[in-house]
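# An overview of the molecular structure
What follows is each chain in one-letter form.
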Amino acid sequence: IGNALWKEKIIDIFVPLPMMVSDGVELLTKLVHSFGDVGKLRIVLKPHPMTSEKVLLKAAGIRKLPAHFGFVRGKMSDWLPSVKIAIALSTSTIYEIMTFGVPVVVVGREAAIDLNPLGFYADLNQIFFSLKQIREETLRLLSLSKSEITKYKRRGEEVLRTAFNTVNDETMSVFVDGIV
């Protein structure tokens, strides 16, 4: 991203694009249709390290993104501290986003099984499919108060503590009992 606005790393919406081109195209297309007319939002797209912007744009049939959209490279951890919210497909990347306390809109695929890692949490398990749903949830999250954001960050920390366990004999027994 070339202009000064992007160099400041002020990001309204951060979008990690998946490695599978078809998945990335679906998410990219939904975002352009949902937010192409909302020029006040800075939307950053981060392609998977094994894909390229050119491949995604060509596959999506998009010649040029709206001016308020831009691509970035690098580690997600370089960008997430400056992000207000994220939009992502059902992916383990959601956990990385949550480690930074960033609210996330989980977008579902139209013709695929969604394996939402937040599916086990009744307050976080919603998946958004339609352009209207994605836009409404995104704008809702962008309007959260500081105290609501703090509450969301605490919830994210709790989810991360319960989602991952230390590797030891007890936690591994679920996978190897009866085999070893």
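Each remark here, short or long, concerns the structure printed above.
Residues numbered from 1 in each chain as written. Predicted model: local features only at pLDDT ≥ 70, side-chain atom pairs only at ≥ 80, totals over all residues. Heavy atoms only, no water.

### Here's the deal with the overall build of the chain
Spelled out, the test is: Under the scheme used here, helices are H or I runs from DSSP no shorter than 4 residues and strands are E runs no shorter than 2 residues, and both carry numbers assigned from the N terminus. Using C-alpha atoms as the atom set, the radius of gyration is obtained and then compared with a globule rule of 2.2 Å times the number of residues to the power 0.38. Any residue under 20% of the maximum accessible area for its type is buried, any over 50% is exposed, and the rest in between are partly exposed; the area is computed with a 1.4 Å probe on protein chains only. Only the protein chains shown count as cover for residues, and all accessible areas are computed by the Shrake-Rupley method using a 1.4 Å probe. Within this scheme the basic residues Lys and Arg register as positive and the acidic residues Asp and Glu register as negative, but His and the chain ends are omitted. Charged groups are reduced to one reference atom each: NZ for lysine, CZ for arginine, CG for aspartic acid, CD for glutamic acid.
Scanning the chain from terminus to terminus reveals 8 helices and 5 strands. A globule of 180 residues ought to have a C-alpha radius of gyration of about 16 Å, and the chain, at 17 Å, matches this closely. Seen along its three principal axes, the alpha-carbon backbone of the chain occupies a region of about 55 × 40 × 30 Å. Across the 180 residues in the chain, those meeting the buried criterion constitute 44%. Of the roughly 10400 Å² of accessible surface on the chain, a fraction of 56% belongs to carbon and sulfur atoms. Computing the positive centroid from 23 side-chain charges and the negative centroid from 19, the chain places the two 10 Å apart.

### So, the packing of helix 2 (residues 21-35) against helix 3 (residues 53-60)
Packed helix pairs are characterised by how far apart their axes lie and by the angle those axes make with each other. We apply this condition: Axis angles are defined between N-to-C directions and span 0 to 180 degrees, where every axis is a line fitted to C-alpha atoms and, for a helix, only to the segment in contact. Any angle from 65 to 115 degrees is called roughly perpendicular, while one under 35 is roughly parallel, one over 145 is roughly antiparallel, and all others are oblique. The hand of a helix crossing depends on one turn: near helix anticlockwise from the far one by less than a right angle means left-handed, and clockwise means right-handed. Residue contacts are counted whenever heavy atoms from the two residues lie within 4.5 Å of one another. Just so you know the grouping, Ala, Val, Leu, Ile, Met, Phe, Trp, Tyr, Cys and Pro go in nonpolar, Asp, Glu, Lys and Arg go in charged, and all remaining residues, Gly too, go in polar.
It is at 9 Å that the axes of helix 2 and helix 3 come closest, and there the two elements cross at 70°. Put simply, helix 2 runs roughly perpendicular to helix 3. Where helix 2 crosses over helix 3, the handedness of that crossing is right-handed. Here Val21, Gly24, Val25, Leu28 and Thr29 of helix 2 come into contact with helix 3, specifically with Val55, Leu56, Leu57, Ala59 and Ala60. When grouped by side-chain class, the residues that make up the contact of helix 2 with helix 3 number 8 nonpolar, 2 polar and no charged.

### Observations concerning the pairing of strand 5 (residues 104-107)
Inclusion rule: Paired strands, as defined in this entry, are two strands with at least two bridges between them according to DSSP. Orienting the strands away from the viewer, one traces the path from the first strand over the helix to the second; a clockwise path indicates a right-handed crossover.
Of the two faces of strand 5, the one carrying Val104 and Val106 and the one carrying Val105 and Val107 are both buried. Looking at chain direction, strand 4 (residues 83-89) and strand 5 are connected through 4 bridges and run parallel. Directly across from isoleucine 87, in strand 5, lies its bridge partner valine 105. The handedness of the strand 4 to strand 5 crossover, carried by helix 5 (residues 93-99), is right-handed.

### Here's the deal with the side chain of glutamate 26
Along the chain, glutamate 26 falls in helix 2. We classify glutamate 26 as buried; its relative accessible area is 14%. Beyond its immediate chain neighbours, meaning those up to four positions away, glutamate 26 contacts Gly108, Arg109 and Glu110.

### Some words on helix 2
Our working rule: For a helix, the expected span equals 1.5 Å multiplied by the residue count minus one.
With 15 residues, helix 2 ought to run about 21 Å at 1.5 Å a step, and its terminal C-alpha atoms sit 21 Å apart, in line with that. For helix 2, a buried count of 11 out of 15 residues is recorded, marking the element as mostly surrounded by other parts of the structure. Every buried residue belonging to helix 2 is among Asp23, Gly24, Val25, Glu26, Leu27, Leu28, Lys30, Leu31, Val32, Ser34 and Phe35, and all of these are buried.

Spatial relationships are all this shows, so hold off on functional conclusions.
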